[in-house]
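In case you want the letters, here they are:
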Amino acid sequence: MKRFYSFIIALICTLAILAQDSGKASFYASRFHGRRTSSGEPYHKDSLTCAHRTLPFGTLLEVTNPRNKKTVVVKVTDRGPIHRSRIIDLSFAAAKELDIVGQGVATVELKPWRFKPVLPVTWLFDKDEWFIRTKSTDEIYADLRLHTIPSIAAEQRPATENR
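Everything quoted here is computed from the prediction, not taken from an experiment.

Thresholds, definitions, all that
Residues numbered from 1 in each chain as written. Predicted model: local features only at pLDDT ≥ 70, side-chain atom pairs only at ≥ 80, totals over all residues. Heavy atoms only, no water. Helix = DSSP H or I, 4+ residues; strand = E, 2+ residues; numbered from the N terminus. Buried < 20%, exposed > 50% of the residue type's maximum accessible area, 1.4 Å probe, protein only. Areas by Shrake-Rupley, 256 points an atom, 1.4 Å probe, with all protein chains shown as cover. Core = buried A, V, L, I, M, F, W, Y, C linked by side-chain atoms within 4.5 Å. Contact = heavy atoms within 4.5 Å. Phe/Tyr/Trp six-rings, centres within 6.5 Å; stacked < 30°, edge-to-face > 60°. Lys NZ or Arg CZ within 6 Å of the ring centre and 35° of its normal. Pairing = 2+ DSSP bridges. Axes fitted to C-alpha atoms, helices over the stretch in contact; angles between N-to-C directions.

Engineer: When you look at the overall build of the chain in this model, what are you seeing that I'm missing?
Structural biologist: Across its full length, the chain carries four helices and eight strands. Reading the chain from its N terminus to its C terminus gives the helix and strand order α-β-β-β-β-β-α-β-β-β-α-α. Going through the 163 residues of the chain one by one, you find that 22% of them count as buried. Counting only carbon and sulfur atoms, one obtains 58% of the accessible surface of the chain, whose full area is about 12,400 Å².

This is how it looks when you write it as structure tokens:
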């Protein structure tokens, strides 16, 4: 039983460490544009991709520049970086989004990206305070029905005979 609890504590500590990581990041040189990455995909300087040593290909990471609080979501498509002092290599587009192109190397924070759905909200003003009112499911579907494409709406109507 003691082993089991030790294992659980070690697992929780490991997950806490992996949940957020910070360190130095650099970006790909322009000469790598068009070359194949370790995952087999071609590298494109305008795509939001990165290289990481251990994470599986296809993992989505949220990368934040702590200096300016800018954030970008990138997909792991390659292995690297070669330099041991760095934790991630970003594509040129991702580095540009984070404003680290001028620096070359910058400190960033990594964490796994999690989908955060946003509900349609309307802001209503009360005489003393602001509050948020979310739309009900019926209201959302009513809005969608108003904005249907005419050709799709025509397909959904019952056919009438004109003979």
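That was the structure; now back to the text.
Engineer: I tried to follow the nonpolar core on my own but got confused; where do I start?
Structural biologist: Inside soluble globular proteins, nonpolar side chains tend to come together where they are buried. Ranked by size, the top nonpolar core spans 17 residues in total, and within it Val63, Val74, Ile88 and Leu90 carry the most contacts. In this structure Leu90 touches Ala25, Ser26, Phe27, Tyr28, Thr49, Cys50, Val63, Val74, Ala95, Leu98 and Ile100, once residues within four positions along its chain are discounted.

Engineer: Would you mind going over the environment of Asp46 with me for this structure?
Structural biologist: Structurally, Asp46 can be placed in the loop between strand 1 (21-27) and strand 2 (49-51). By relative accessible area, which is 52% here, Asp46 ends up exposed. The sequence separation of Asp46 and Ser91 amounts to 45 residues, and the corresponding C-alpha distance is 7.3 Å.

Engineer: Help me understand the packing of aromatic side chains in this model?
Structural biologist: When we look at a pair of aromatic rings, we describe it by the centre distance and by the angle of the planes. What the rule picks out here adds up to three aromatic pairs. Their ring planes at 70° and their centres at 6.0 Å tell us that Phe27 and Phe92 sit as a pair that is edge-to-face. A residue pair is termed long-range when its members are at least 10 positions apart, and Phe27 in strand 1 and Phe92 in helix 2 (residues 92-97) qualify at 65 residues. Members of the aromatic cluster, joined through ring pairs, are Tyr28, Phe32 and Tyr43. The lysine or arginine in question, Arg79, covers the ring of Phe57, its NZ or CZ lying 4.2 Å from the ring centre.

Engineer: Where do I start with the sheet that holds strand 4 (residues 70-78) in this structure?
Structural biologist: Adjacent strands of a sheet form backbone hydrogen bonds with each other and so pair up, either parallel or antiparallel. Taken in spatial order, the six strands close into a barrel running 1-5-2-4-3-6, and their pairing is mixed. With strand direction ignored, the average angle separating the axes of adjacent strands in the sheet is 45°.

Engineer: Can you walk me through unusual backbone geometry in this structure?
Structural biologist: Of all residues except glycine, most have a negative phi; of all peptide bonds, most are trans. In this chain, Gly80 is followed by Pro81 through a cis amide linkage whose omega measures 0°. If you trace the backbone, Pro81 turns up in the loop between strand 4 and strand 5 (86-90). You will see that Lys69, though not glycine, has its phi angle at about 65°, which is positive. Considering the arrangement of structural elements, one finds Lys69 in the loop between strand 3 (60-65) and strand 4.

Engineer: Help me out: how do you make sense of the environment of Phe92 in this one?
Structural biologist: By relative accessible area, which is 30% here, Phe92 ends up partly exposed. Put simply, Phe92 and Ala29 are 63 residues apart on the chain and 7.8 Å apart in space, counted from C-alpha to C-alpha. Those residues in contact with Phe92, other than ones at most four positions away along the chain, are Phe27, Tyr43, Lys45 and Val101.

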